[in-house]
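Fold and contact review
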Amino acid sequence: MIQSDAAIFHFRYRRGGRHRDSQGAGVALPVEKEAEVLKETTERQSVPPRRIKMSSQGQEQKRYDPRDTTLKFVDRRDDLDPVSSEDDSLRAEMSCGHAVTPETLTLWCRSKLDEGIYKFRCPAVVEGTKLCNKPWSYQEVRRLADLSVEEMQQFEETIARLAAAEYCEIQPCPQCKTNMERKDLSNLCVKCTICTADQKKTYMFCWQCQKQWKGHGPRSDRCDNDGCTNKDLELLQTCKTISLPEVEGATNCPSVRACPTCGMKVEHNRQYCKNINCPRCHVEFCFVCLKLKRECSQTSSPYKICPSGVAPRQTSIPVWKRK
């Protein structure tokens, strides 16, 4: 289980009173590019009136409208929540053939977005431990999850942000607020083409402190502005230490780590094994020794301390070398 960048994501799959933590084993961005990222997430469809039921805790529970002829209703268990006792809830069939309710589909998809995963695939078990894994389009999810206007906005903004982050690093120019792409991830000095054109002279800003660039460049550590420090690196060096109760011998481990593949900050929730899945690059690594899971697992079990012990605090943040 992980928590991650910026506010450091924390996600839970919640249904009623139960909780289940998900387990983790400078050029202006072209309008065409933004449109391509958002196209899949901004199309709207009309939906019939939503039926709402109040739970015993007073929470609104989504329910399908039995008069909705555009859905295929089925009389079998909810494949996203097979232990549910709510047998009176209508279930609809997804394109892959598995049954869902709007409530469980919404909760499951939201948990995946919180993990940094925006491409939805059916998690239903089809044989033993084998998953269905067939893709669900956002349009299908939006329809069968019966998303409200507010939920659609949240889903679409998150999907657009995650899709953009997968292919490029984007941040607004501190002066004109235009979204800029940093192509060289090792250089903090970024040129804003919009401000440069408007002012008829080169305008550079610091990716780190978000101020007009001061000093020589390129640089990867800081500019010459007062207070320009890498707050992510400071966090890695000053965060508290934790133990992993379910991992034998794993104590005094820094609570925040930078993913060894992409550099994203991640935090262990102290449950389950020592391996976590990065929500940005989706590479699994050991939170204790910082080796990739496939390397760490050759010498130790997921629930025992690594032979090399706890890796020291990181003094640099890896730069993601996208393929």
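Scoring rules and cut-offs
Residues numbered from 1 in each chain as written. Predicted model: local features only at pLDDT ≥ 70, side-chain atom pairs only at ≥ 80, totals over all residues. Heavy atoms only, no water. Pairing = 2+ DSSP bridges. Helix = DSSP H or I, 4+ residues; strand = E, 2+ residues; numbered from the N terminus. Buried < 20%, exposed > 50% of the residue type's maximum accessible area, 1.4 Å probe, protein only. Salt bridge = Lys/Arg side-chain N within 4 Å of Asp/Glu carboxyl O. Phe/Tyr/Trp six-rings, centres within 6.5 Å; stacked < 30°, edge-to-face > 60°. Lys NZ or Arg CZ within 6 Å of the ring centre and 35° of its normal. Lys, Arg positive; Asp, Glu negative; His and termini not counted. Polar contact = N/O pair within 3.5 Å; in protein donor to acceptor, adjacent residues only side chain to side chain. Contact = heavy atoms within 4.5 Å. Core = buried A, V, L, I, M, F, W, Y, C linked by side-chain atoms within 4.5 Å. pLDDT = per-residue confidence, 0-100. Disulfide = S-S within 2.5 Å.

1. Some thoughts on the sheet that holds strand β7 (residues 73–74)
Two strands in a sheet stick together by hydrogen bonds in their backbones, pointing the same way (parallel) or opposite ways (antiparallel). An order of β7-β8-β9 is seen for the three strands of this open sheet, with the pairing classed as antiparallel. If you trace the sheet from one side to the other, it starts and ends with β7 and β9 (99–100), each paired once. Bridge analysis of strand β8 (residues 91–93) against β9 gives two bridges, and the strand direction is antiparallel. Looking at the pairing, Glu93 lines up with Ala99 of β9.

2. Focus: unusual backbone geometry
Omega for the peptide link from Gly217 to Pro218 comes to 0°, which places this bond in the cis form. Mapped onto the elements of the fold, Pro218 is located in the loop between β17 (204–206) and α6 (231–238). The phi dihedral of Tyr272 falls on the positive side, at around 65°, and the residue is not glycine. In this structure, Tyr272 sits in the loop between β21 (265–268) and β22 (275–277). Note on Tyr272: relative accessible area 24%, which makes it partly exposed. Unlike most non-glycine residues, Leu290 shows phi in positive territory, near 70°. Assignment of secondary structure puts Leu290 in the loop between β23 (284–286) and α7 (293–296). For Leu290, a relative accessible area of 15% corresponds to the buried category.

3. Let's talk about the pairing of strand β15 (residues 179–182)
As paired strands, strand β14 (residues 169–172) and β15 are joined by four bridges and run antiparallel to one another. Residue pairing across strands places Ile170 opposite Glu181, the latter belonging to β15. Between β14 and β15, which pair antiparallel in sequence order, lie six residues; one of them, Lys177, sits at a positive phi of approximately 70°.

4. Observations concerning the pattern of salt bridges
For the structure on display, the rule yields twelve salt bridges. Glu151 serves as the salt-bridge partner of Lys62, at 2.8 Å between the closest nitrogen and oxygen. Highlighted residues: Lys62 in strand β6 (residues 60–63) and Glu151 in helix α4 (residues 149–167), separated in sequence by 89 residues. Just as Lys62 is buried, Glu151 falls in that class too. With a shortest N-O distance of 3.0 Å, Arg67 and Asp65 are connected by a salt bridge. Several salt bridges share partner residues, and in doing so they unite Lys62, Arg110 and Glu151 into one network.

5. Let's talk about the environment of Ala165
Positionally, Ala165 belongs in helix α4. Overall, Ala165 belongs to the partly exposed group, its relative accessible area being 29%. With 49 residues separating them along the chain, Ala165 and Gly116 place their C-alpha atoms 10.0 Å apart.

6. Overview of the packing of aromatic side chains
Using the criterion set out here, one finds three aromatic pairs in the structure. Ring geometry for Phe205 against Trp207: centres 6.1 Å apart, planes inclined by 25°, an arrangement best described as stacked. The class for Trp207 is buried, based on a relative accessible area of 7%. One Lys or Arg, Arg257, reaches over the ring of Phe287 and ends 6.0 Å from the middle of that ring.

7. Quick word on the side chain of Arg257
Among the secondary structure elements, Arg257 is positioned in strand β20 (residues 256–258). Glu267 provides the closest opposite charge to the buried, salt-bridge-free Arg257, at an N-O distance of 11 Å. Within the local environment of Arg257, its side chain forms a polar contact with the backbone oxygen of Ala311, the two atoms lying 2.9 Å apart. Ignoring any residue separated from it by four or fewer positions in sequence, one finds Arg257 in contact with Leu236, Met264, Lys265, Val266, Phe287, Val288, Leu290, Val310, Ala311, Pro312, Arg313 and Gln314.

8. Digging into the environment of Asp81
When you line up the elements, Asp81 lands in the loop between β7 and β8. Distance in space between the C-alpha atoms of Asp81 and Leu105 is 9.3 Å, their sequence separation being 24 residues.

9. Here we look at the nonpolar core
Membership of the largest hydrophobic core comes to 27 residues, with the highest contact counts inside it found for Leu105, Phe120, Trp136 and Leu144. Residue assignment for this core shows that the elements contributing at least two residues are α2 (102–114), α3 (138–144) and α4. If you tally residues by element for this core, the top one is α4, at five residues. When neighbours within four sequence positions are excluded, Trp136 is seen to be in contact with Leu80, Met94, Ser95, Cys96, Leu105, Trp108, Phe120, Arg121, Cys122, Pro123 and Val141.

10. Some remarks on the confidence of the model for the protein
When pLDDT is averaged along the protein, the result is 81; 80% of the residues meet or exceed 70. The low-confidence segment residues 1–58, where pLDDT is below 50, has 153 contacts with residues more than four positions distant or belonging to other chains.

11. Section: the state of the cysteines
Within this structure, the stated rule accounts for zero disulfides. The thiol of Cys262 is unpaired, and the distance to the nearest cysteine sulfur, on Cys278, comes to 3.5 Å. Residue classification places Cys262 among the buried residues on the basis of a relative accessible area of 3%. Of the cysteine sulfurs around Cys296, a residue in no disulfide, the closest is that of Cys306, at 3.8 Å.

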